[in-house]
Amino acid sequence: MASSKHPVDAGTTASPHRPVDPRASFPELEERVLSRWRERDVFAQSLHRRTGAAPWGFYEGPPTANGPPATHHVLARVFKDIFPRYKTMCGYYVERKGGWDCHGLPVELAVEAELGFTSKEDIERYGIAEFNARCRSLVLSHVEDWNRLTERIGFWIDLDDAYRTLDRDYIESVWWALKTIHDRGLLYEKLKVVPYCPRCGTALSSHELGQPDVYRDVLDPSVYVRLPVTEPRGAAHAGDELVVWTTTPWTLVSNAAVAVDPELIYARVRADDGAVLIVAEELVERVLPSGADVLETFPGSELEGVAYEPPFGFIGRDAYGERGHTVLLGDFVTAQEGTGLVHTAIAFGEDDFRLGEQYGLNVVNPVRLDGTFDERIGPYAGRWVKDADQDLIEDLRARGRLLRAETFEHSYPHCWRCHTPLLYYAKPSWYIATSQRKDRLLAANETVNWYPDHVKHGRFGKWLEGNVDWALSRERYWGTPLPVWRCPAGHVRAIGSLGELEELSGVALADPHRPFVDDVTFLCAQCEDQMQRVPEVIDVWFDSGSMPFAQYHAPHENEEHFRERFPADFICEALDQTRGWFYSLLAVSALLFDRAPYRNVVCLGLILAEDGRKMSKSLGNVVDPWEVIDRYGADAYRWYLFTSKQPWDGYRFSMEAIAEGVRQFLLQLWNTYAFYVLYAHANGVVPEMLGDTEPSELDRWIRSRLQATVEVVRERLDDFDATFAGRAIQELVDELSNWYVRRSRRRFWDGDPAAFATLRECLVTIAQLLAPFCPFVADEIYDNLDGAEPSVHLCDFPEPGARDLELEEAMAIARETVRLGLAARGQAKLKVRQPLRAAVVVATGRERAAIERLGGLVRDELNVHELRFVSQADELAEVELKPNYRTLGPRFGKHMPVVAAAVAGLDGDRAASAVREGRTVAITVGGDDHGLSAEDLVVSMKPLPGYQVEREGSHAVGLELEIDDELRMEGWAREIVHVVQKARQEAGLDISDRIALTLDGDAEALTAARTHESYIAGETLAVRVSYEPLDGPEPVQIEGRELRVGVALAAP
RNA sequence: GGGCGAUUAGCUCAGUCGGUUAGAGCGCUUCUCUGAUAAGGAAGAGGUCCCAGGUUCGAGUCCUGGAUCGCCCA
């Protein structure tokens, strides 16, 4: 805080405090604090000091560092920072190990884009080894950006020892987990219909479908197809036509059956063209809007077994088996949409597939892995299936098999990275049988505290209840290889460590990634044939879900270390991790350890741009974190994120709100601190002088408020509520600056040690409270005012001390009285500078005692000579009585209107004094008498006309408005002080410079000046006052009269 | 279509157990105070508490239905 000018009185002790620039640049200050942290190795020290203390666990949800960090990453990182900092100060050992998520499709896609690849063949031709090498270097390409931002925003996390999911040790731990799951019979391979990306050539897991941007609104064809019944059966006549509906015409070539609901009522209807159609009864109008005659109705069960002619002839009935191209009964059919008869293509729908299994139909899949038809679909072979839709529709139309074709807007899933529409597609995949452990997942969730709590049984709980088996495998390259080997006979062995693999194969793998691991083979223990690894890698979410143990290479190493830190006390991520990391962590831990891996989860919402829309590059409304930091600093950024709202509600980003936080909070605090240092310098105050002081009422008050704030901040932070904890600090700073310091200025000019001691204690304690929130400014204040520790972050978090509740209440009443008095002045248009004889205060009992106790303060603020108390309001106002609904409501219930009327009818003064003296007041309700006591009545004042009275609740303040000559002179003296101070400021004098004061002008003003000369001289540090003609300075106007003020620096 | 959440002043947000004049900050108007402050204080303007029903003596708050927005699922 270089400052060219600050007061240094000759002869005073050199101050231990660096001078403080009241207009400090926070970004610059933060850079200096950062280098101090580096020099003093503060983060490491903060851990070191807690060696052996109870651990408090934090897990870092690993980001992928293949792009620069953005605003929402700042949000996550500052919330990940604040609670570990707090807990460290509370005495816990809070290890914070960084981590990077390294595998997965996004990385592969970036490399593919770099190389101009469009398919898996391109990659295989290029070579998996080289491809993966590129992935490896790309995935950490932005780590430096991340590290720089992480340090700059004050997120303390160990980045030097960060875990990386691509490391050999990490993968080995993941292998252990998979082997354990396999050995428990929970890992299996099965043909299932999965959401499949034909471009990426891999299936997506259900939680990948939970990624943002997966479901997009698209226009698809909506076609109604006629399927003629080939032979009469049940309710169907030969030649009747079943009507089915689909939005994926390309699946019609694979139609295997039609499903109906056995209970649903269907109808044979005659259409315009004379054909007889079969549809669900309640859908007749929607399917045939031009009208149709219902011939008969019957339940769906009567259609079972009806054979029909498929929409296309490419694949014959025999291919599917006996029940091919017949009507089957399904439990998934609804009359919500379509026709109530569901086109079933076994390979392309989950329900379809299950129905096929149930009826023993063969799976026939004429679509290749790249999403094109194979040769079985004759003229369409080689075409991308969705591109064939229109031609297929025309084909149907030409053959008279199309009832209607429209377009239909609906949301449809797309690949979360390459945005290709997904196909539901039957493929063999490896699964983890999480659904078999669903009850354990739910039980684990019960042990977790969620913030906000509705996530527990809402979004997350509901997600768990709908749990399906985890589709684990990916037919890709850059990922943790699935450690499963299989022999031609189908014997399977899962490998749990590299050592185990070496023992079997004799190969010590340096890099367990593909393609190296693919070459490792060994003999099957059962049939002595060669075992070969299955080709898949695993879902990256399993990698990150394994981090509790894999980050330590447990259980191969550090098992105890892991156990001590499991489960984490705290994790924090964006709400979109419900299906992502929150789930994968819970699932992995529930399967392996049968317990939740975390105790408390703080969820974060979405940050919208200033314009209320999503931040997106195309809209040009993205906020670069560096811009915020360079302009306002990390503390301001953090403060905004912590206190502007509850983080899970999401943010509408606002630069202006950050600036407001600087003005309203950081600068307020900073200036209070600068004020302390300025006057400590001016008075030669050093902390050693502040040991034993006699605190004033005001000192005791702010200390009590300080303790109250310590209580609240601890209580809120213990409940992971940074928002209200921060707001409590803000309130305290406001009270400190705008009441305590304002009311204590005189004492600081006079060098009162008690005032210095109090303000210093408040500032140091606030610095400690603020340390987890705004680590930079907090440390700067602490370091300059105290510095007993190398950093505020090495301090213990403040413990609440004794409070004086009576004094806090008294001050609140006194401040209220001041507010009323100032309002009365405002109404009377009387400046505060003009002293008045008296304020008349209506107050009794505790209120009166409180105001009397703090009477000096009230007089000063109101600038009145005395306070007069009246206990009866009639001098100033009429008493108005109202019922206290809170107490009387439960007692009288629906008779409350009668009670209110009875209270209104009471004699206000008499009733008020009666209850004040402890007697009860009688009212009559429904013929019965009831007694009301003080707590049943709300006494308020209604001002009488002609008085300048402000009232609030049960007290009021009136002012005596008469101004005599004496008061008038005093008023003048205050005016003169005011203009002299201005002149001092304009002359660029320092606050402690002594002056020679010359006054010239209006006679009455000069008389006032002479009368109050010592007061004026004292206030303005004038060593002498003279009254001589002046022609230099411009005259100033005071109430229409002129005064010239001459100010000259006096020799010391 | 289903789940979860939100909707309070021009803007950003509080609002406790349901209690009768719904608050704060910013912004605006007028005034005021100032030996720290980019500040502070007073007054004013600004509200169908999303809408409609219901429960209750009493609803911003509880219930039902609806609207809009967001997230998630399908």
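Residues numbered from 1 in each chain as written. Chains lettered and ligands numbered in written order. Predicted model: local features only at pLDDT ≥ 70, side-chain atom pairs only at ≥ 80, totals over all residues. Heavy atoms only, no water.

Caption draft 1: Highlighting the confidence of the model for chain A. A residue-level look at chain A finds 94% of positions with pLDDT of 70 or above and a mean pLDDT of 85. Scored below 50 in pLDDT, residues 1-13 shows 24 contacts in the model against residues more than four places distant or in partner chains. In this model residues 944-948 is a low-confidence stretch, pLDDT under 50, and it forms 13 contacts with partners more than four residues away in sequence or in other chains. Of the two predicted TM-score estimates for the complex, the pTM is 0.83 and the ipTM is 0.89. (pLDDT = per-residue confidence, 0-100. Contact = heavy atoms within 4.5 Å.)

Caption draft 2: Spatial organisation of the sheet that holds strand β24 (residues 600-604). Here we have three strands laid out as an open sheet, ordered β15-β24-β23, and parallel in their pairing. On the outer flanks of this sheet lie β15 (449-451) and β23 (571-574), each paired with one strand and no other. Here the average twist between neighbouring strands, direction ignored, is 20°. Relative to β24, β15 is paired through three bridges, and the arrangement is parallel. Bridging across to β24, Tyr 451 finds its partner in Val 602. Strand contacts of helix α3 (residues 71-89): β23 and β24, with the helix running at about 165° to β23, the strand carrying the most contacts. (Pairing = 2+ DSSP bridges. Helix = DSSP H or I, 4+ residues; strand = E, 2+ residues; numbered from the N terminus. Axes fitted to C-alpha atoms, helices over the stretch in contact; angles between N-to-C directions.)

Caption draft 3: Region of the structure containing unusual backbone geometry. Cis geometry is found at the peptide bond from Arg 514 to Pro 515, where omega equals 0°. Following the sequence through the fold, Pro 515 ends up in the loop between α16 (498-505) and β20 (522-523). Along the chain, Phe 566 connects to Pro 567 via a cis peptide bond; the corresponding omega equals -5°. Here Pro 567 is to be found in the loop between α19 (559-564) and β23.

Caption draft 4: The packing of aromatic side chains, seen in detail. Under the counting rule described, the total for this entry stands at 52 aromatic pairs. Taking the centre distance of 4.7 Å and the plane angle of 40° together, the rings of Trp 450 and Phe 460 count as tilted. A residue pair is termed long-range when its members are at least 10 positions apart, and Trp 450 in strand β15 and Phe 460 in helix α15 (residues 459-465) qualify at ten residues. Owing to a relative accessible area of 0%, Phe 460 belongs among the buried residues under this scheme. For the ring pair Trp 670 and Tyr 673, a centre distance of 4.9 Å and an interplane angle of 65° mean the geometry is edge-to-face. Residue Trp 670 and its partner Tyr 673 are located together in helix α23 (residues 655-683), separated by three residues, close to a single helical turn. Taken as a pair, Trp 670 and Tyr 673 share a single burial class, namely buried. Linked through ring pairs, Trp 56, Phe 58, Phe 83, Tyr 451, Phe 570 and Phe 720 together constitute an aromatic cluster. The ring of Trp 156 carries the charged tip of Arg 85 above its face, separated from the ring centre by 3.9 Å. Taking the ring centre of Tyr 1027 as reference, the NZ or CZ of Arg 1010 above it sits at 4.2 Å. (Phe/Tyr/Trp six-rings, centres within 6.5 Å; stacked < 30°, edge-to-face > 60°. Buried < 20%, exposed > 50% of the residue type's maximum accessible area, 1.4 Å probe, protein only. Lys NZ or Arg CZ within 6 Å of the ring centre and 35° of its normal.)

Caption draft 5: Main features of the pattern of salt bridges. This structure, assessed with the given rule, holds 74 salt bridges. With its nearest N and O atoms 2.7 Å apart, the salt bridge here joins Arg 486 to Glu 189. In this pair, Arg 486 is assigned in strand β18 (residues 484-486) and Glu 189 in strand β3 (residues 187-197), connecting sequence segments 297 residues apart. In this structure, Asp 569 engages Arg 599 in a salt bridge whose closest nitrogen and oxygen atoms are separated by 3.1 Å. (Salt bridge = Lys/Arg side-chain N within 4 Å of Asp/Glu carboxyl O.)

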